[in-house]
Amino acid sequence: PPPVTGQTIRITGYGLDDSPPEWSQVQQTHAGPYVSVDVGAYIVQYEVDTLAGNSGSAVLDEQTGEAIGIHTSEGCDEAGGANLGTGVNNPGLQFALSNPQGVCVPETPLGFIFPVGLPEEINPAGR
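Everything numeric in this text was worked out from a predicted model, so none of it was measured.

### Structural notes on the nonpolar core
When a protein is soluble and globular, its nonpolar side chains tend to lie buried together. Formed by Ile9, Ile11, Tyr34, Val44, Tyr46, Val48, Val59 and Ile68, the largest nonpolar core amounts to eight residues. Contributing elements (two or more residues each) for this core: β1 (8-13) and β3 (43-46). Not counting residues up to four positions away in its chain, the partners in contact with Val44 are Pro1, Tyr34, Ser36, Val37, Ile68, Asn83, Leu84, Gly85 and Gly87.

Written as structure tokens, this is what we have:
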């Protein structure tokens, strides 16, 4: 991960949300400041709003579009703090990325039915 120089971090995922409930498990994105990196401990910290279920989301440097980590833990609350991720320099992560174990393929093909034809647009609220 790069050193902290005022970058903005973006995390996009499908977290559990109840404000409003229609937003739960639909794609949401949020950006905020990159606050610290501990290269030796493979930890990146950022003040980006995340939810339960966002673990595994890419931690993106908004300016470069590059993934600098993977979101793993909450650390923010009403009083402040920062959320945590595993930096891309983590040897275990590097090994896993370099040694894929296969591709997940569903046993039966996924099918989508649109009884009145394809929609012209999709409402972001999921309706």
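### Description of a nonpolar patch on the surface
The grouping of Phe112, Phe114 and Leu118 at the surface amounts to a nonpolar patch, some 400 Å² of accessible area in total. Here Phe112 is to be found in the segment after α1 (91-98).

### Some words on the confidence of the model for the protein
The share of residues in the protein with pLDDT of 70 or more is 94%, and the mean pLDDT across the chain is 86. Looking across the protein, the model is least confident in strand β6 (residues 76-77), with a mean pLDDT of 75, and most confident in strand β4 (residues 58-61), with 96.

### A few points about the pairing of strand β2 (residues 28-38)
As paired strands, β1 and β2 are joined by six bridges and run antiparallel to one another. Note on β2: the bridge partner recorded for Arg10 is Ala31. Bridging between β2 and β3 involves four bridges; their strand directions are antiparallel. Paired with Asp38 across the two strands is Ile43, which belongs to β3. Here β2 hands over to β3 after four residues, with Tyr42 in that stretch at a positive phi of 60 degrees.

### Notes on the pattern of salt bridges
Per the counting criterion, the structure on display carries one salt bridge. Note that Glu62 is salt-bridged to Arg10, the shortest N-O span being 2.8 Å. One end of the pair, Glu62, is in the loop between β4 and β5 (67-73); the other, Arg10, is in strand β1, with 52 residues separating them in the sequence.

### Comments concerning the pairing of β4
Because side chains alternate across β4, one face comprises the buried residues Val59 and Asp61, and the other comprises Ala58 and Leu60, none of which is buried. In this structure, β1 lies alongside β4, joined through three bridges in antiparallel fashion. When the sheet's bridge partners are listed, Ile9 is paired in β4 with Asp61. In this structure, β4 lies alongside β5, joined through three bridges in antiparallel fashion. When the bridges of β5 are listed, Ala58 appears paired with Ile70.

### Things to note about the sheet that holds β4
What links the strands of a sheet is backbone hydrogen bonding, and the strands pair in either a parallel or an antiparallel sense. Spatially, the six strands close up into a barrel ordered β1-β2-β3-β8-β5-β4, and their pairing is antiparallel. When the angles between neighbouring strand axes are averaged without regard to direction, this sheet yields 45 degrees. Where β5 meets strand β8 (residues 83-87), four bridges bridge the pair, whose relative direction is antiparallel. Paired with Ile70 across the bridge in β8 is Thr86.

### Notes on the environment of Pro33
Along the chain, Pro33 turns up in strand β2. Classification of Pro33 as partly exposed rests on a relative accessible area of 37%. Contacts of Pro33, omitting those with residues within four sequence positions, involve Gln7, Ile9, Tyr46 and Glu47.

Criteria and cut-off values
- Residues numbered from 1 in each chain as written.
- Predicted model: local features only at pLDDT ≥ 70, side-chain atom pairs only at ≥ 80, totals over all residues.
- Heavy atoms only, no water.
- Core = buried A, V, L, I, M, F, W, Y, C linked by side-chain atoms within 4.5 Å.
- Buried < 20%, exposed > 50% of the residue type's maximum accessible area, 1.4 Å probe, protein only.
- Helix = DSSP H or I, 4+ residues; strand = E, 2+ residues; numbered from the N terminus.
- Contact = heavy atoms within 4.5 Å.
- Patch = residues over 30% accessible without salt bridge, like charges linked within 9 Å, V, L, I, M, F, W, Y side chains within 5 Å.
- Areas by Shrake-Rupley, 256 points an atom, 1.4 Å probe, with all protein chains shown as cover.
- Salt bridge = Lys/Arg side-chain N within 4 Å of Asp/Glu carboxyl O.
- pLDDT = per-residue confidence, 0-100.
- Pairing = 2+ DSSP bridges.
- Axes fitted to C-alpha atoms, helices over the stretch in contact; angles between N-to-C directions.

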